[in-house]
Each structure stands twice: as C-alpha cells, then as structure tokens.
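Next come the chains, spelled out residue by residue.
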Amino acid sequence: MSRRPRLAAALALLLIGAACLTGCSKATQPGPPGDDTGEHLLAFVTDRTTPGDDDVALYDLDVLGFHSVAGLNSTAIEADPCVSDDGSLIAFASTRPGGAGGYDVYIYDRLYQTLLSKHGMNSATDETGPAFTHDSARLVFARIVDGRYRVKMYEPAGDTLVALPGLDLAGAWSDWQPSPNLHGDRIAFTSNRAGRAHVYVWDRGIGVLN
C-alpha cells in the first residue's frame, strides 16, 4: 500500500473528536527518551482508553503509532488539542480542578512530559480553542469576556498576553476559532459580528479585514 492511502486510512480510523494535524519543522522532534518521532503529528480527543472520559492522544502519521503523553490527561474533560509546529508542545483546554475557572488552556512539554506553569494565560472565565503561531513562539485562543468570546494571544516565554489592537475591542459579538500565521501578525478567526458566523482576518498593521 502506498503512503497516501495508508495515511488516509489512519486518519479515517483515528479522528474521533477535535483534532489538530501538524507538519513539524524538524525530522526528529523533541520527545521523551526512546520515543522516535516523525514529521507529521496528529493530536485528537478520544475516549478510547476510558469510555466517557475525553482525553488527548498523539498519533504519528510517519511511524504509524501513538506517542506517550504521560502527565497530560486527567479525569476531567480535555478538548481542543493543538501541536506546535516544532512538535515539542501540545496546547489544550481542560476543566480539570485547580484551574482558574471553567475551561482553561494548558501547555504540555513533550520532552519532559509535564505541564508548563503559565499563570498569565487563564482567567476565571472560559479559555478554549488554542492554536500556536507557526514559529511555535506564541499561542492564540478564545476567552469569554463580559459574556462574549474574544481572541487573545499569549507569549509563553514572558508568561504574558500580547496586545491585539483592533481585535480586542468590546462589542456585541463573539470572536472564536483563531488561526494565526507564522508570527501572529495575521489571525484568521470566526465571528458573528455581522449577525451570522463568518470568517475574518485580523492584520496587526490594518485591523480587522472583512
């Protein structure tokens, strides 16, 4: 069987819940010792291990096997997983106890198999839908502010939020499902600001483009 049908078969078998597919920037990704990693990783949500308990799984489309994510999952809900383009990090949302409140976004380090301590990212409301910039240096997500979803950008290195002029304005709409470019200078997102859900693009130098 050629590689393309094998990959298609693997995808059809594995896509149980929300998923994120990445083409990693290095042939050998930083992972736990003895865990050889290909260039195409798929993070997805499944209850295959414990029925009724949504967990994050990491599948490698090059070696056609799962990778260990020891220390990532909990008995709470895990959702919206996303792999950084360098393959070293997994961001996800979870309702686990001890968070700031509701759904919080967490970042998991594959090499050390541990959650990174990032206190500046979450609030007492919900944070969902994380997505890494393609340089793996920043993370965008949606946060509920005054009852509406707003797109936020987080920089793990400084444990701080990054301003998004023109996108973080208050209004009678919600913005969600952000998808950034290489450095986060442009972010595509979904919004109901026109009354129905449409796709918009935010540009740091221009603002929101229809």
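Residues numbered from 1 in each chain as written. Predicted model: local features only at pLDDT ≥ 70, side-chain atom pairs only at ≥ 80, totals over all residues. Heavy atoms only, no water.

Participant: Any chance you could explain the sheet that holds strand 14 (residues 186-191) here in plain terms?
Facilitator: Pairing is antiparallel across the open sheet formed by four strands, whose spatial order is 13-14-15-16. Two strands in the sheet have a free side with no partner beyond their single neighbour: strand 13 (175-180) and strand 16 (207-209). Each neighbouring strand pair of the sheet contributes to a mean axis angle of 30°, computed without reference to strand direction. (Pairing = 2+ DSSP bridges. Helix = DSSP H or I, 4+ residues; strand = E, 2+ residues; numbered from the N terminus. Axes fitted to C-alpha atoms, helices over the stretch in contact; angles between N-to-C directions.)

Participant: Is there a simple way to explain the pattern of salt bridges in this structure?
Facilitator: Oppositely charged side chains can form a pair if their charged atoms are brought close together. Evaluated as defined, the whole model comprises six salt bridges. Asp175 serves as the salt-bridge partner of Arg193, at 2.6 Å between the closest nitrogen and oxygen. Residue Arg193 is found in the loop between strand 14 and strand 15 (198-203), and its partner Asp175 is found in strand 13; the two are separated by 18 residues along the sequence. Accessibility expressed as a relative area gives 26% for Arg193, which makes it partly exposed. We note a salt bridge from Arg186 to Asp203, for which the minimum N-O separation is 2.7 Å. (Salt bridge = Lys/Arg side-chain N within 4 Å of Asp/Glu carboxyl O. Buried < 20%, exposed > 50% of the residue type's maximum accessible area, 1.4 Å probe, protein only.)

Participant: Please clarify how the side chain of Asp104 should be interpreted in this entry.
Facilitator: Structurally, Asp104 can be placed in strand 7 (residues 104-109). Despite its burial, Asp104 pairs with no opposite charge, the nearest such side chain being Arg143 at 7.8 Å. (Lys, Arg positive; Asp, Glu negative; His and termini not counted.)

Participant: Sorry if this is basic, but what is going on with the sheet that holds strand 9 (residues 127-132) here?
Facilitator: Paired through backbone hydrogen bonds, the strands of a sheet run either parallel or antiparallel to each other. Strand order in the open sheet formed by four strands is 9-10-11-12, with antiparallel pairing between adjacent strands. Of all strands in the sheet, those with a lone pairing partner are strand 9 and strand 12 (160-162), marking the two edges. Taking the axes of each pair of neighbouring strands and ignoring which way they run, one obtains an average angle of 40° across the sheet. In terms of strand pairing, strand 11 (residues 148-155) meets strand 12 through three bridges, oriented antiparallel. Bridge pairing in strand 12 links Tyr154 to Leu161.

Remember that the coordinates give geometry; whether it matters functionally is a separate question.
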